[in-house]
Every structure is written in structure tokens, then in C-alpha cells.
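Topology and contacts: notes
Residues per chain, in single letters:
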Amino acid sequence: MPRPRHARLPALAAIALLALNATTACSSAAGRQVVVYTSVDQEYAETALDRFEAASGIDVKAVYDVEAAKTTGLVNRLIAERERPLADVWWSGEFAQTVDLAQRDVLAPYASPSAADIPASAKDAGGLWTGFGGRARVLLVNTDKVDAADRPSSIRDLLDWPISPDQIGMAHPVFGTAATHAAALYATWGPEAARAYYQDIATRGVRIVDGNAVVRDMVASGELAFGITDTDDACGAVKRGAPVALVFPDQEADGLGTLIVPNTVALVEGAPHAAEAQELIDVLLSTSTEQALIADDWIQLSLRGAPGASACKLGAEVKGMGVELGAIAAQLERAKADMGAIFVR
Amino acid sequence: MTSARPLAAWSQALARAAGSFDGARAWRSAGMAVYVALAYGPVIVLFGAAAQLLVNSPATAARLVPTARTLPILMRSVAFAATVSMAAVALAVLIVTASWGRHGGRALQMRWAVLALAGVPPYVHALAWSSLMTLLGAWSMGGQLGWLGVRIQFTGLSAAAWVSTLAYLPLAVVLAMMACEHVPRSLREVAQLDRSDGAVLARIVLPLAVPALVMAGALLFLITILDYSVTSLYQVTLYALEVFVAFSQSNEAAAALLSAVPLMVVCGVVVAAMARALPRAMMAPDRGTVGGGWWPRWPVPMRAAQALAVGLLVAATGVPLFSLIRLASLSTAALQTVVQAGDEITYSLAVALSAAVLALPPALAAASWMHARRPSAIAWFALCLPLAFPSSLIGIGLITAFNTPFLPLHGTAIMPVLAGVARFAPLMALVLFAQRVRLDATLVDAARVLQGSTWHGWRRVVLPMMLPGVVAAASVGFVLTLGELGATLIVAPPGRATLTMRIYTYLHFGASDSVAVLCLILVVVALVGGVIAAVALGAVAGDRSAADARPAGGERMVNDASRGLAP
Amino acid sequence: MMGIRISDLSFAHGGRPVLAGLRLAMRAGERLAVLGPSGSGKTTLLRLIAGLERPAMGRIELGGVTVSTPSVVTPPHARGVSMAFQFPALWPHMTVLANATFGVAGVGKAEARERAEALLAEVGLAGFGGRYPHQLSGGEAKRVALVRALASQRAILLLDEPLVHVEPALRDALLGVIRAQVATTGATLLYVTHDAAEAASVVERCAWLVDGQLVDDAPGALPRPG
């Protein structure tokens, strides 16, 4: 008498499971390896890390962030792993979270020889992290909707530009570089004035969207006339031929300046592969890597003063906000709390 | 001989203990312990950290209570989730009733393939509708349908509710099928002698299916209220986002956990209410309503409503597929995208399958344990508490639990599997409990008397009868794990990524054509899983042939409160 | 062979007492019929003996071993009890033969199959082994359930109205099968029925469940055997 057909299913499932797991079994390389956690966009980080892997023979295992997690996941993973870290290197696309990690004793001091020509203002005094390269917070304008002569030139234009506020957008200022931007304004204008600015943005009805990439996409498609985003997102739209233009805000002589957000690299405290980690850090902080990342359009500015060959053709020097990175980081927690109170409702 | 007496007494005591040893209870308890460890482990660790935070910083206790700002967000979240879940269930019932009597045999069983569509993540639906609106000349996520000369805003709560309802509609259809199609034919046929088909549906079938439909609605409520991925795209803030904001602001998992407590309380209330609604009257399923020779003739208004619901299901299926195929067709490097994502595809399949299989035994044990004990509302609350946890917090809890010298699993490929188990074992337990409740108690009792051992009866009687629920639970675990991001991101081993992680990466980069290609793969994988589930369910149904045979002898309503009483 | 001893057994459903201080003593191999009106607790008594319910008070001993008290209940399958339920309770995913051989233990598969097929033939279901429960009539299902209980040949046999839905022409034959099996195995038989005449043909004595207790004399409204 034949057994019921469904009786075979558990066995089939077990066989399929074993087969699948066999095909994904990871045999760890016997050679050298380094583990890097990075909030840099995978598209760019992967290229740089592949170059290092090919040149050094060190196997690079990367953990990338995704936009939806807005770096929060990766940072908290490092904090949670503090007692038994998996990561060797932390490479961030910004600095505020790196400062927070340093304050939580997640990072270890390392003075890379490659960073000798990087200004001291872009490095931690205790050697816990080093900044390099730079992205900027820019205005991305849809050229089909806004004439060249009528383009906004300041972040204050979000408040009084003569168009419907639902044509203006910015990423949620609780997360990522948008939060860092808020903290920079707190450090520059003072908390009360900065808070008032964002309160006015909320009151006006400027569209708050899910990330810088969303701002980019909506400006490129014409859903927005202009918005604030990062240069890497903006340059991505330019490269794809979207009808957009970048504007570095507040570049007048007496203007606020544009927030420049450097990448940061750090050695993780207790890194399982410290020697390999230092090698990777040396390469990431090198001028050649910086130039390559500029050419790839992940970063658009060099803290070393070298212009680089950005495909986005930004060219001219950009006037920064002139505020210490540490001062910005010190305002981050308060700024995030206020942004949550204003925009999360 | 005095020394022999204590020995004899001990022997007799041991013999009595052995004789009274209830293997079933022992296995249930062991399985429940495993369930607690897997589903609650990360939670308990975080609760410990939260308790310590409260002790060290009593002011953080303020997070436990919604403020004047966050209370409206919480209320909005409840209203939103309730609207979406009720709408999805109502539409699902219309769709299921529309499918009765139209097809027979294998085609009927293949309806379960709609489960595959449940594997399409909600954000894909949102992007698809956005793409459709753009194609129509409108702007999505805040746009206006100018193309039609009508200024309609597709934004805010209404747009988010529309997209969410359609995104969860396939899952709702599967749950509604399970709810409506286990009503004994005899009960329906008796009513048919006196009432129209519509009245039979309204007065017999649906009331008997209500408890399971309540459970379906509760499940959808929980899924909706905890997922902010769609609503955030439409500028709608749910409380789940507030929790994530708290996490981001403080980088303190314990503080974020305290912020999540109000949400967990709401979810717990829903689960407890659902538990009280579960049927005390268990129906002995000799034959389902479908395949039992019922070709209902519905009233015209109902047929219209069914047509609308089916149309919405078609839209829920067609719009994402159409948008994805259209975008994928624009890709000049589709094959390259697939090749590049090969590792992620394989890894995702392995993780999802492993999580579904690994979660089954403890989920089965939990369902059996709850069924055996007639749990209180507090027990239900405790069972489903992990459902209310933000995924990222579960990830952090997993690291804390498994990044120790004694349990050094962090960094290994199994961690995302544990994340899937921790997140979805409670959901699977609920599905299995619903199936367990519907098992004929007399059939189980007969096995308990005649079995050679507990394992004998479980393997040959209980498990086969529960197979539809087992397959359904495993399928739910599989598709949800496939789309899981929050916890997976935290625990994915270095050098490994899932398909969902890669999709999100491309989303950020703006490579919408690559996103479309990968999402299509996700849909295909989910479809394969759904077909497997459909075949499995069809095999079970085939063993009880759908032919128009005479009814099996003997059926009765077994009232749990009156079991054992002679009629 | 095992006897049954029940002392001061009490059980309630939803607050309503069903059995109140019931006592019963059966020697090994004895055959007893339990009669009583609907709702008197006949099936409850069988379920308690089978270990499917926990008593509120009292004690049940099988073969001199205590198997049920309010605090301890030996699992049903470990009691040496076989039972045919009031409703057939055939497992829908198993064939008639698989149902019938499920409780057979201690012999090879071939012998179990032979035993079950022989019994099926005796009850008029020869050749039905490959069918599924949904392909049976009510009476056929009852007969299969009876075969399932008899085939296991356990020391105690509990039959809960085994001939309900069975056509009258077959009843005598089935009663004969029951008598023969019990005589062969020496099982202790507890037979629940409404039909005193039916009971009289298989058992040695009858008892009536009245007000939660077993009495030897039938109350006025209840039938006596013969």
C-alpha cells in the first residue's frame, strides 16, 4: 500500500535544506583577512575595498549599511559587539556617529602615516579617528522647473522661496547627514535659532522624505523643484543625465557656508586583525584612494586641498561652515531630540 | 529485611513515576523551553539592560508613557493598522467566497499559490504604485493626477492605507481561506434546506469562521503597526518610526526598548483580545466547505462586491509585477545584476528556508502547550510579546545573547536564521495554534489511547492532520524571513548579505532597474515557495478525495467545556 | 488480564457534577454493561478509565496499579486500554487498514495486517482495507472503529455504544464478534449502551448510572435485560 504522498514532504524539505546550506557553506580563507563595517554606499566602498584586496592579498569582509537603517543599525551593532568585536575597521561617510563611537570606547587610537597631510581639525585629538575627503550638503534644483536665474542659493530659501512648499524637500533631519546638518546649525547659530529654523520648515510644510536618495529622485523626476541632499546623491543624478543642477548654499562672503561632511576612518578597539586593519586604514587615508573616490563621485572635495577630478565637475573651492567637527558632534544629541519632537508627529 | 523495604518503596515510586510519565507533556515542555529561548532570548537580554537603565536613570521611566506628542502618533498607528487589517480581511472574505464552486480539484488547491504574493515586500508595492502614478502623468507620494484632469493627492494616510491594504491582501486571502474552509459541510447543508446561499454564509459559515478571521485580522494588525517602511514613504509617521527615532537619537537599545513599551502594550491587548475570541467550540472537520458540492448563488450586490475585491487582488498582483517587469525591461545589465546578486539570492533562500524549518518545532510545541493549558490573556500576551519588538532591537539582543564565549554564534551564517526565528516563530505559533484548535478532539483522543508511544501517535496522527497548518506556518515564516531587513542587517555576518539588503542598497543608489530585476527574483522565489505549499496542501487534500462522496460516518460538535459528556 | 477498581470517583463539567463518589469493582476478564439516560455520564466514565480526563476526586486502579488520581494521571497509551468511541473517530488521512492496525503492537506488520483483515472480514468489510474514511457510510465507519479497538487486543476493552448506526441485520453478527474476541483475549469489558437487550448478549451483569453513581438495580424507567 503506497504511503500517503504528503508523508514524503518532510524528507524532501530536509534534503532541500541540506542542499541549500551546503551550497552556501562558507569556508573561511586560510589567509589574512580584515573585517570592515562601513556606512559608505556599497557601490563606492566595494570598489575601494576590492582595489585594496587585489593589491594586498588580504581578504576583505565588509558589512554595509542600508539607507533604511540610516547608519543607526551599524553603529549600534558596533556598540553591542564592544566586548567581543567582529569588526577591525570602521569607515563612515560622516563623522558625528564616529565621535559618538569614540566616546563609547569602541575605537582604538591609530596614527596612520597616510594622514600626515590631513589637517588636524579633521582628526581626533587622541588619534581615535581620522577624517578625509568630503561631501557637502547642497541644494539640488530641477532645471526644468527652475530657471538658472531663479535658483535658490541659501538654506534659508527653504523658508521663503516663492513656490508651493510641497515642491521643496529635505531628508528627515533625525537621521544621517541631515541630522548632522541640524547639529551644525545648532553649533553655528545656537540651539534656539536653529530650532526655530526647523520649526519654521515644519510649519511651512516643506516635504520631509525618507532619505537623501529620495530627495534626489524626486527632484530628478520633477516631483520637487529643489531640495537639500548630499553631493554624492546629487552627482549621481547629474551623471545619469537628470535635468538637475547643484548649488552650494550660502557661499557669499558673509554667508553661512556649506556644511562639508568628511568621511572618517577608525581602528576598532580589540580588532581581531589589528595589523591588517592598520594596512587598510593606511590605504583608505591615502591620497590615491581619496582621488579615486573623488573620481567615482563618492566624495567631491578634498580636505588636503587637492581638487580631484570629479565627474560631477564641481571645480571651484567651496566655502565651508567653519565650525569644528567636535562642536557639531556635541550638539548632535540635542539636535536629534528636537528634530524628533518637531517632525515625528 | 529492613534494608529491602526502602529499596522496594523507591522501586515502586520509580515505577509509578515511570508509569505516570507523560511523554507528550515532557516533549511539549522541552519544546516550549526551546521556543522561549529562541523567541525571548534577545528580548530578555534587552529587558535586563532596560531594567538596569531604569535603576541607574529613573528619569528614563518617562519613556514608558506616551507624551502629549507621541500619544496621537500611537492612536494614529492603532487606527491605521485597524483600518488596513479590517479592510484586508473583508476583501479577502469576498475573494474567497467568490472562488467557491467555480473550479474543482487541483485548480482549487492551486489558489494557495496566492501565498507566494505575500512574499512581495510592502515597499515594493509602494514603489510600484509610485511608478504607476508617474506613468499616468502624476506625481506619486504626494502627487496629483493631473493627467486625468483631476487633481487628486495620492499622499498621506489614504495613500499609505491603500498601498498597505493591497500589499497584505494576498496574505489576508490565505488566512481567510483557512478560516472559512473548515466549517463542516453537514452544518452548512442543514441550513441550505431552509435558507438561501447568502443567508447560509451570513448565518452559518461566517459566524463559525469568525474566530479564525479575528485571528487573521489580529495578525495583519500586528504586521501593519510594526512596519513603517510604507507609511514613511507617504509622510505618515507611525509609532514604530518613533521607536526607531528614539533608537537613533540615543544609540541606546535599552532606552529604545522603553520607548517601545506602549506599542508592545497595544499589541499585547490585541493578542489578548484575540485569545479570548478563539473558539471554545471546536468543529470536527470531516470535509471543508469547498469541494463539498456547494455551488453558491450569491445575491447581485454581493457578486458586485466580490468582483471589486477580485479586481483589487488583481491590482495588488498586477501593479507590482507590471511595474517591476517594465522597469526590469529598461535594464541593460539584467543578467549582470542577477549574477552579481547570486550569492545574496542563494544565501537568502538558505536563511529563509532554515528559519522556517528551525522555527517549526518550537512553534509547534508552543502551539500545543498553549492548547493544552487553555492559557490566560496574560499568557497570550507573553507568548506574542516578541511580535511587538522592533526588528533592530531584536538584532541587538541577538548579538548580546550570542556574542559570548559560551555561545559564540555571532559572526556566523546562522545568525540571520536566528533573527528570522526570533521574529516570526510567534506568528507561526499562532497559525499552528489555529490549526491545532480545529483538530477533532476525538481523533486526537483515539490516538492517545491506541498509540504505542507519544511519538508514535504524534508522528502518525497529529502531525499529518496538522500538516496544512504546518505548511502554512512554514510558508509564512519563509516569505517573511525572505523580506526581513531590520534584524538581519544587524546580525548578518561580515561578507554576507541577503537579497533584501542588496535591494535596499540599490534603492538608495537609485538603480531602479536593478531594483526591479532583483525584486522580480524575490517574487519568483516566493512564487516557488507558494507553489510548493500549494502542492503540499493539494497532496493532503487529495488524500481525502474531493470527489462527491458520501459523508464520513460520525461528526459532532465537541464543546470543549463539555467534553466527555454523553449527548 | 486486568481488573478495574474505582473508588469514590467524582467529576464535574462546567460546575455540574457528572459523577459523584462512583465505585466500581471488576475482576479481570469480567464483562459489565453500563446503562443510563443521556447525560448520565456513561461516556465520561469511559474517558476517565481511559485516562482522557482527570478526576476531581477518587482513584482508578487497573490491574492493581493506580492510574488516576486528582494529582496523577497515567498517559492513556500506557494503561493497556483499548476503546471504541461513540463516534468513529477514524483518522481521515489513513486507510481503513491503517486505522485498524494502528493500535496493534508486539507483532510484526504482516501479522497485524492479517489480524485486522480477519476482523474486517468478520464484520462484513472484507476488501475495505484500501478505502479511506470519507468513502465509508456511517455504519461502515462504526464497524471499522470497532475493529480498531478489537485488533489491539489489550487487557481492557471499552466500547461506547459500538452498534449505533449499524443496521439491525448486522448487530447479531457484530455482537458475536465481540463475544468471540473477548473470550479469546480474556479482556475486561466495559460496554456502554442504551439497549439493555443488546448488552445482555455480551456481558455478565449490568449496572446503571444514576445520579453519578453505579447501581445494580435498574430504576423504574430504565429497561432491564431480557
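Residues numbered from 1 in each chain as written. Chains lettered and ligands numbered in written order. Predicted model: local features only at pLDDT ≥ 70, side-chain atom pairs only at ≥ 80, totals over all residues.

On to the overall build of chain C. From N to C terminus, chain C includes six helices and 10 strands. Considered along the principal axes of its C-alpha atoms, chain C spans approximately 45 × 40 × 35 Å. Counting over 226 residues, chain C shows a buried share of 52%. Considering only residue pairs separated by 6 or more positions, chain C has 68% of its internal contacts joining residues 24 or more positions apart. (Helix = DSSP H or I, 4+ residues; strand = E, 2+ residues; numbered from the N terminus. Buried ≥ 20, exposed ≤ 12 C-beta atoms within 10 Å, placed from the backbone. Contact = placed C-beta atoms within 7 Å.)

Residue and element names in this part refer to chain B. Checked against the element boundaries, leucine 263 lands in helix α11 (residues 253-277). According to the C-beta neighbour criterion, leucine 263 is buried, with 24 such atoms within 10 Å. When the C-alpha positions of leucine 263 and tyrosine 239 are compared, they lie 7.2 Å apart, and in sequence the two are 24 residues distant. Not counting the four nearest positions on each side in its chain, leucine 263 is found in contact with Tyr239, Ala240, Val243 and Ala388.

Residues and elements named next belong to chain B. Put simply, helix α3 (residues 70-99) and helix α6 (residues 156-180) touch, their axes get as near as 6 Å, and they point 45° apart. Here α3 is positioned oblique relative to α6, judged by the angle of their axes. Classified by chirality, the crossing of α6 by α3 is right-handed. Contact residues: Phe80, Thr83, Val84, Ala87, Ala88, Val89, Leu91, Ala92, Val93, Ile95 and Val96 in α3; Leu157, Ala161, Ser164, Thr165, Tyr168, Leu169, Ala172, Val173, Leu175, Ala176, Met177 and Cys180 in α6. Its residues assigned to classes, the contact of α3 with α6 shows 20 nonpolar, three polar and no charged. (Axes fitted to C-alpha atoms, helices over the stretch in contact; angles between N-to-C directions. Parallel < 35°, antiparallel > 145°, perpendicular 65-115°, else oblique. Left-handed = near helix turned anticlockwise from the far one by under 90°. Nonpolar A, V, L, I, M, F, W, Y, C, P; charged D, E, K, R; others polar.)

Right, let's get into the pairing of strand β1 (residues 33-38) of chain A. Residues and elements named next belong to chain A. For β1, the buried fraction is high: five of the six residues fall into the buried class. When β1 meets strand β2 (residues 59-64), the two strands line up parallel, connected through six bridges. In the strand pairing of β2, threonine 38 is matched with tyrosine 64. One crossover worth recording links β1 to the parallel β2 by way of helix α2 (residues 42-56), and it is right-handed. Two strands pair when backbone bridges link them, and β1 and strand β3 (residues 89-92) are joined in this way by three bridges, in the parallel orientation. Across the sheet, the residue bridging to valine 36 is valine 89, located in β3. (Pairing = 2+ DSSP bridges. Right-handed = clockwise from strand over helix to strand, strands pointing away.)

Now for the sheet that holds strand β1 (residues 4-13) of chain C. Residues and elements named next belong to chain C. The strand order across the open sheet built from four strands is β2-β1-β4-β5, with neighbouring strands paired in antiparallel fashion. Of all the strands in the sheet, just β2 (16-26) and β5 (65-68) have a single pairing partner and so form its edges. Strand after strand, the sheet turns through a mean of 30° between neighbouring axes, direction not considered. Pairing of β1 with strand β4 (residues 57-62) involves five bridges; the strand directions are antiparallel. Looking at the pairing, isoleucine 6 lines up with isoleucine 60 of β4.

All names here are of chain C. Along helix α1 (residues 42-50), nine of the nine residues are buried, which leaves the element largely enclosed by surrounding structure. Residues Lys42, Thr43, Thr44, Leu45, Leu46, Arg47, Leu48, Ile49 and Ala50 constitute the buried set of α1. Of the residues trailing α1, glycine 51 is marked for its positive phi of about 90°.

Once that is clear, we can look at the confidence of the model for chain C. Residues and elements named next belong to chain C. Of the residues in chain C, 96% reach a pLDDT of 70 or more, and the chain-wide mean stands at 90. Within chain C, the lowest mean pLDDT, 85, falls on helix α6 (residues 196-200), and the highest, 96, falls on β4. Model confidence for the complex is summarised by a pTM of 0.77, with the ipTM given as 0.83. (pLDDT = per-residue confidence, 0-100.)

What follows covers unusual backbone geometry. All names here are of chain C. With a phi close to 50°, aspartate 8 is a non-glycine residue in the positive phi region. As for its placement among the helices and strands, aspartate 8 is situated in strand β1. Of the residues examined, aspartate 8 has 13 C-beta atoms within 10 Å and is grouped as partly exposed. A positive phi angle, close to 50°, is found at glutamine 153, a residue other than glycine. Structurally, glutamine 153 is set in the loop between α4 (138-151) and β7 (156-160).

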